[in-house]
Structures are given as structure tokens and as C-alpha cells.
Amino acid sequence: KASWKFVPSSGQSKMVIVHANEDPFEFSGSTEDAEEITNFLKDNLLPMFGNLDGDTFEKYVTAGKGVVWSLLPIGEAGLDAIQTKYRPIMEEVAKKFRGKYFVTYTDVVTLKEPVEKMFGPIEYPAIAVQKKAGEKTKYMYNGEMTALSITRFINDVDVGLVAP
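Analysis parameters
Residue numbers restart at each chain and count upward from 1, following the sequence in its written direction. In view of the model being predicted, local features appear only for residues whose pLDDT reaches at least 70, and side-chain atom pairs are presented and counted only at 80 or more, with totals across whole chains, interfaces and linings using the full set of residues. The basis for every side-chain value is the complete set of non-hydrogen atoms in the structure, without hydrogens or water. Counting from the N terminus, the helices are the DSSP runs of H or I reaching at least four residues and the strands are the DSSP runs of E reaching at least two. In this description the radius of gyration comes from C-alpha coordinates, and the expected globular size is given by 2.2 Å times residues to the power 0.38. For every residue, the accessible area (1.4 Å probe, protein chains only) is compared with the maximum for its type, and the residue is labelled buried under 20%, exposed over 50%, or partly exposed between those bounds. It only takes one pair of heavy atoms within 4.5 Å for two residues to be counted as in contact. For accessible areas, the Shrake-Rupley method is used with a probe of radius 1.4 Å. Any residue's cover is judged against the shown protein chains and nothing else. Neither His nor the chain termini are counted; the positive set is Lys and Arg, and the negative set is Asp and Glu. Charge positions are represented by NZ for Lys, CZ for Arg, CG for Asp and CD for Glu. Note on geometry: axes are lines fitted to C-alpha atoms, helical ones only across the stretch in contact, with angles between N-to-C directions running from 0 to 180 degrees. Definitions for this section: a left-handed crossing has its near helix turned counterclockwise from the far helix by less than a right angle. A right-handed crossing has that turn clockwise. Any residue outside Ala, Val, Leu, Ile, Met, Phe, Trp, Tyr, Cys, Pro, Asp, Glu, Lys and Arg is labelled polar, Gly included; the first ten of those are nonpolar and the last four are charged. A strand pair is defined by DSSP finding two or more bridges across the two strands.

**Describing the overall build of the protein chain**
Argument step 1. A count of helical and extended segments in the protein chain gives five helices and seven strands.
Argument step 2. In sequence order, the protein chain lays out its α and β elements as β-β-α-β-α-β-α-β-α-β-β-α.
Argument step 3. Here the protein chain has a C-alpha radius of gyration of 17 Å; the compact-globule value for 164 residues is 15 Å, and the two agree.
Argument step 4. With respect to the principal axes defined by its C-alpha atoms, the protein chain has extents near 55 × 40 × 30 Å.
Argument step 5. Going through the 164 residues of the protein chain one by one, you find that 39% of them count as buried.
Argument step 6. When contacts within the protein chain are restricted to residue pairs at least 6 apart in sequence, long-range pairs at least 24 apart make up 63% of them.
Argument step 7. Accessible area for the protein chain stands at about 10,000 Å²; split by element, carbon and sulfur atoms hold 52% of it.
Argument step 8. Of the charged side chains in the protein chain, 19 are positive and 23 negative, and the gap between their average positions amounts to 2 Å.

The structure is reproduced here in C-alpha cells:
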């Protein structure tokens, strides 16, 4: 859910988007330029490392960008443990691909059936890349879960070095 605040100020106008557990994004363009504002909102509409589930799936698809699915093993500690362990890694990845890909995580226990229908049997942890959200072509990665390795994989997908 989004909430909006208008804070009157005698200084220069600015816009800031804040997602839970993330640093704020401050708009650096002209607040008089509708196209710049629209692009900023589109790029930052969803979190850098956001939950992709039944409630958010359509938002990712309609955003028209690619999606990096973080398919991570959820133990007894649940999604909070995933956030703690993987957020620093995946935010680093997200920063490199901001505006091109949204980086997500999914509850692979609760959504096991739709996830396996979309990606087939999965050995966790895994990363799945869709160059455009919702498209059938996907690129799977089961290697080392470091920001450098995942970034390298996504770059290889982008330049055609990885087969779907």
C-alpha cells in the first residue's frame, strides 16, 4: 500500500518515495517536468527487494519491466529470515538494474504450486530472470548467491550468453 504526504515547506519542492525496510529514493529532477516525474514513479513504484505474491504479481506485470525472482528456501523462521539474510545481497543487485528489472522474493512454500508451474521443479536457492514480467521465457540460476555472481548472471542473460 502506498500513502502520500504533502509537507509544506518554504524550501525547494522535492519528492521522496519510501518503501518498508529500504532507504528513501529522492527525486532529483525538475518537479515541473511531468515526464521526469512519471519515469521516477515507474522506476520506484515497487520496492528494490519486494515480495512477489498473489497481491503484487499484477503490479509487476503491468509495470512493463523485467523481474528477477529470488526463489529462496524458507525455513521455520519464514519470510522475515529471508529478508534478513538476503536483503543486503539482493538490494545490491537491484541497485545495478534499477529501471530495467524489479528484484523480488516469493514465499515458495505457500506458493509452491504456482511457482513450480511457472518454473518447473526448483533446487533452492535459485534466481529466475524474466526480461519482461509475465513472459514465458525465463533464465534460471542455481549458482553462488552473492551479489557479484547474480549480477554477472543477469548481465549474461541481457547480452544473450545464457540460454532460457
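**Let's talk about the packing of helix 3 (residues 79-96) against helix 5 (residues 147-158)**
Argument step 1. Relative orientation of the contacting elements helix 3 and helix 5 amounts to 35°, with a least axis distance of 9 Å. Crossing geometry of helix 3 relative to helix 5 is assigned as right-handed. Note on element contacts: helix 5 touches helix 3 through Ala147, Ile150, Thr151 and Ile154, opposite Ile89, Met90, Glu92, Val93 and Lys96.
Argument step 2. In terms of residue class, the contact of helix 3 with helix 5 is built from six nonpolar, one polar and two charged.

**Quick word on the sheet that holds strand 7 (residues 139-141)**
Argument step 1. Ordered in space as 3-5-4-6-7, the five strands form an open sheet in which the pairing is mixed. Both outer strands of the open sheet, strand 3 (49-51) and strand 7, are each paired with one neighbouring strand and no more. Across the sheet, the mean angle separating the axes of adjacent strands is 25° when strand polarity is ignored.
Argument step 2. The pairing of strand 4 (residues 66-71) with strand 6 (residues 126-130) spans five bridges and is antiparallel. Along strand 6, the bridge assignment pairs Val67 with Gln130.
Argument step 3. Packing of helix 3 onto the sheet brings it into contact with strand 3, strand 4, strand 5 (101-105) and strand 6, and relative to strand 3 it is tilted by some 140°.

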